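Coordinate inspection notes
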Amino acid sequence: MKTPSGRIEITSATIAGFGYPDCPGHPVWLPPTETGPLWLIANQPHTRLHSQLDAGEVSQAGKVAGREPIRLNPADAAARGIADRDVVRVFNTRGACLAGAVLDDALRPGVVQLATGAWFDPVDDHPTGPLCAHGNPNVLTADIPSSRLSQGCAGQHAAADVERFDGPVPPVRALHPATGKRFPATGGALD
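Residues numbered from 1 in each chain as written. Predicted model: local features only at pLDDT ≥ 70, side-chain atom pairs only at ≥ 80, totals over all residues. Heavy atoms only, no water.

Evaluation of the coordinates by the stated rule reveals 10 salt bridges. Put simply, Glu163 and Arg89 hold a salt bridge, and the shortest N to O gap is 2.8 Å. Of this pair, Glu163 sits in strand S8 (residues 157-164) while Arg89 sits in strand S3 (residues 87-91), and the two are 74 residues apart along the sequence. The class of Glu163 is partly exposed, set by a relative accessible area of 33%. When its relative accessible area of 14% is taken as the criterion, Arg89 is described as buried. Via salt bridges that share partners, Arg48, Asp54, Lys63 and Glu68 belong to a single interconnected network. (Salt bridge = Lys/Arg side-chain N within 4 Å of Asp/Glu carboxyl O. Helix = DSSP H or I, 4+ residues; strand = E, 2+ residues; numbered from the N terminus. Buried < 20%, exposed > 50% of the residue type's maximum accessible area, 1.4 Å probe, protein only.)

For the rest of this paragraph, the subject is the state of the cysteines. Tallied over the full model, the rule gives zero disulfides. Note on Cys97: no disulfide assigned, nearest cysteine sulfur contributed by Cys132 at a separation of 6.1 Å. (Disulfide = S-S within 2.5 Å.)

Moving on: the environment of Leu103. Within the secondary structure, Leu103 sits in strand S4 (residues 96-103). A relative accessible area of 29% places Leu103 in the partly exposed class. Look past the residues within four positions of Leu103 in its chain and what remains in contact with it is Leu72, Pro74, Ala77, Ile82, Ala83 and Asp84. (Contact = heavy atoms within 4.5 Å.)

Turning next to the side chain of Lys63. One can find Lys63 in the loop between helix H2 (57-61) and strand S2 (69-72). For Lys63, the side chain forms a polar contact with the side chain of His134, separated by 3.1 Å. Apart from the residues within four sequence positions on either side, Lys63 is in contact with Arg48, Asp54, Glu68, Pro69, Arg85, Ala118 and His134. (Polar contact = N/O pair within 3.5 Å; in protein donor to acceptor, adjacent residues only side chain to side chain.)

Judged by nonpolar contacts, the single largest core of 19 residues is most densely connected at Ile70, Val88, Val90 and Val162. Of all elements in the fold, only strand S1 (38-41), S2, S3, S4, strand S5 (111-114) and S8 reach the threshold of two or more residues within this core. Apart from residues no more than four positions distant in its own chain, Val88 is found in contact with Ile70, Ile82, Cys97, Leu98, Ala99, Ala101, Val162, Glu163, Arg164 and Phe165. Core analysis: the second largest hydrophobic core is formed by seven residues, Val87, Ala96, Leu98 and Leu131 among them. (Core = buried A, V, L, I, M, F, W, Y, C linked by side-chain atoms within 4.5 Å.)

Turning our eyes to something else, we now look at a nonpolar patch on the surface. Nonpolar side chains collect at one region of the surface, where Met1, Ile8 and Ile10 lie side by side and expose about 400 Å² of accessible area between them. The residue Ile10 is located in the segment before helix H1 (13-18) in this model. (Patch = residues over 30% accessible without salt bridge, like charges linked within 9 Å, V, L, I, M, F, W, Y side chains within 5 Å. Areas by Shrake-Rupley, 256 points an atom, 1.4 Å probe, with all protein chains shown as cover.)

This is the structure we're talking about:
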């Protein structure tokens, strides 16, 4: 192996020597950098490859009320007045999105699961504030690396909360022919 000892190494004096507070030279538990009532796990979807074929029949069959499903433990849902298949608002200080609730007692209390890959569908002028109407968790995750050393993606976990979405539900437009409207977040046109 291409390590100083030629063997698998559990500790690294070289990495420890960098002095990175988020990457010591040995495996260690580091406390979370944010807190929230729920932990969001943004997994890879089982109905498509990332966002590819999100408009396809298999992906669409897995949607709830036309939105990406979010799994919640029934106790977390009950505490928030959420029923199975309700449209919910998932939010934190970074953003918000709508999703369709799926109650699942196999999910640990305090954890919600929302797959990645729903096509981004911004609603800029909604009374609750900007949100993605389709359920894209990228609006909730921090744009930070997993560590200073690895610079890997850390966008699969975030602190968030969920509430039942009452009132008019905006339509999902991302899967339909573009209107040519420009969205400030991207500056690009959808045509």
